[in-house]
Amino acid sequence: RDTTVAELTAYITSADVQAALSAQAYARLYAKNGGSTVDATFLAARVAEANSVVRTITRAAFPEGLYQVGDTVDPMVVGAGVDICNGLAAGRHPASNEMGGYYLAAKAARDLLKLMNRDHDARPPGSSSAPSKPRASVTNVTDADGAYTNPYTRAADRRDGSDF
C-alpha cells in the first residue's frame, strides 16, 4: 500500500443526507423512537457506517481508496453513499422490509459500487486513484452452439461425473 497517497475516508456527510431528502422524510427517517426531531447521534452513526460500507465494497478493487484527499467526489458516488445511508437508517426501524424504497435504493447503490469494482462500464469520475483491479471471472464457458468449452467447469458444478 502506498503510504504517500492520502485516502479520502468520508464520501458523504450529514449535509449530503439532509439535502437528498424532503424535510419530512429526513425528520422521520433519522428521528429515533418515532419522533419528529432528527437524532444527531443516530444520523452521524449511519453516515459513518455508510462511508464504511462504501470503503468495504470498493477496498479490493481500489486498495488506495476510491477517492483521494483533494479529489472531487462525483455526485453519483455521493448519491450512492446517501442511498446506502438511508437504507441503513430505514433498516433500524421496526417497520422496515426488503421491499421498501430505501432498502431497494441502497441495494441498487451497492450494485453500482460493485460494477465499479469490476470496471464494468462504471468508473469513479473525478478520482485520481488508479483504475480498479477487477477480479477475474470465466465468461467463455460455452461456445456459439452452447457446448461447454471446459469439462472441468461441469465437473466442478457437479453436472457431470468425474474421477476427481
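Residues numbered from 1 in each chain as written. Predicted model: local features only at pLDDT ≥ 70, side-chain atom pairs only at ≥ 80, totals over all residues. Heavy atoms only, no water.

Participant: Would you explain the packing of aromatic side chains in this entry?
Facilitator: What describes a pair of aromatic rings is the distance from one ring centre to the other and the angle between the planes of the rings. Using the criterion set out here, one finds two aromatic pairs in the structure. Aromatic side chains Tyr30 and Phe42 sit 6.2 Å apart centroid to centroid with 55 degrees between the ring planes, which places their arrangement in the tilted category. Taken together, the residues Tyr30 in helix 2 (residues 23-30) and Phe42 in helix 3 (residues 40-58) connect sequence positions twelve residues apart. Residue classification places Tyr30 among the buried residues on the basis of a relative accessible area of 0%. Counting every residue linked through ring pairs, the aromatic cluster contains Tyr26, Tyr30 and Phe42. (Phe/Tyr/Trp six-rings, centres within 6.5 Å; stacked < 30°, edge-to-face > 60°. Helix = DSSP H or I, 4+ residues; strand = E, 2+ residues; numbered from the N terminus. Buried < 20%, exposed > 50% of the residue type's maximum accessible area, 1.4 Å probe, protein only.)

Participant: In this structure, what is going on with the environment of Leu43? I would like to understand it.
Facilitator: Here Leu43 shows up in helix 3. Residues Leu43 and Val17, spaced 26 residues apart in sequence, show a C-alpha to C-alpha distance of 8.9 Å.

Participant: What's the story with the pattern of salt bridges in this structure? I'm lost.
Facilitator: Between side chains of opposite charge, a pair can form when the charged atoms approach closely. A complete count under the given rule lists three salt bridges for this structure. In this structure, the salt-bridge partner of Glu49 is Arg46, at a minimum N-O distance of 2.9 Å. With Glu49 and Arg46 both in helix 3 and three residues apart, this pair spans about one turn of that helix. In this structure Glu49 comes out as partly exposed when scored by relative accessible area, which is 24%. We note a salt bridge from Glu49 to Arg92, for which the minimum N-O separation is 2.8 Å. With Glu49 in helix 3 and Arg92 in the loop between helix 4 (75-91) and helix 5 (101-117), this pair connects stretches of sequence that are 43 residues apart. Here Arg92 falls in the partly exposed class, since its relative accessible area comes to 43%. Counted as one network, the salt bridges with shared partners bring together Arg46, Glu49 and Arg92. (Salt bridge = Lys/Arg side-chain N within 4 Å of Asp/Glu carboxyl O.)

Participant: What am I meant to see in helix 3 here?
Facilitator: Given 3.6 residues to a turn, an α-helix orients residues that are three or four positions apart in the same direction. When the terminal C-alpha atoms of helix 3 are compared, their 27 Å separation across 19 residues agrees well with the 27 Å that a helix rising 1.5 Å per residue should span. Those residues of helix 3 that sit buried are Phe42, Leu43, Arg46, Val47, Ala50, Asn51, Val53, Val54, Ile57 and Thr58. In this fold, the buried residues of helix 3 make contact with helix 1 (14-20), helix 2, helix 4 and helix 5. A side-chain oxygen of the first residue of helix 3 lies 3.0 Å from the backbone nitrogen of Thr41; this N-cap is Asp39. (Expected span 1.5 Å × (residues − 1). Contact = heavy atoms within 4.5 Å. Polar contact = N/O pair within 3.5 Å; in protein donor to acceptor, adjacent residues only side chain to side chain.)

Participant: Help me understand the nonpolar core in this model?
Facilitator: In summary, soluble globular proteins display a tendency toward joint burial of nonpolar side chains. With 32 residues, the main nonpolar core has Ile12, Val17, Leu21, Tyr30, Leu66, Ile84 and Cys85 as its most contacted residues. Counting only elements with at least two residues in this core, the list comes to helix 2, helix 3, helix 4 and helix 5. With nine residues, the single largest contributor to this core is helix 4. (Core = buried A, V, L, I, M, F, W, Y, C linked by side-chain atoms within 4.5 Å.)

By themselves, these are just geometric observations and shouldn't be taken as functional.
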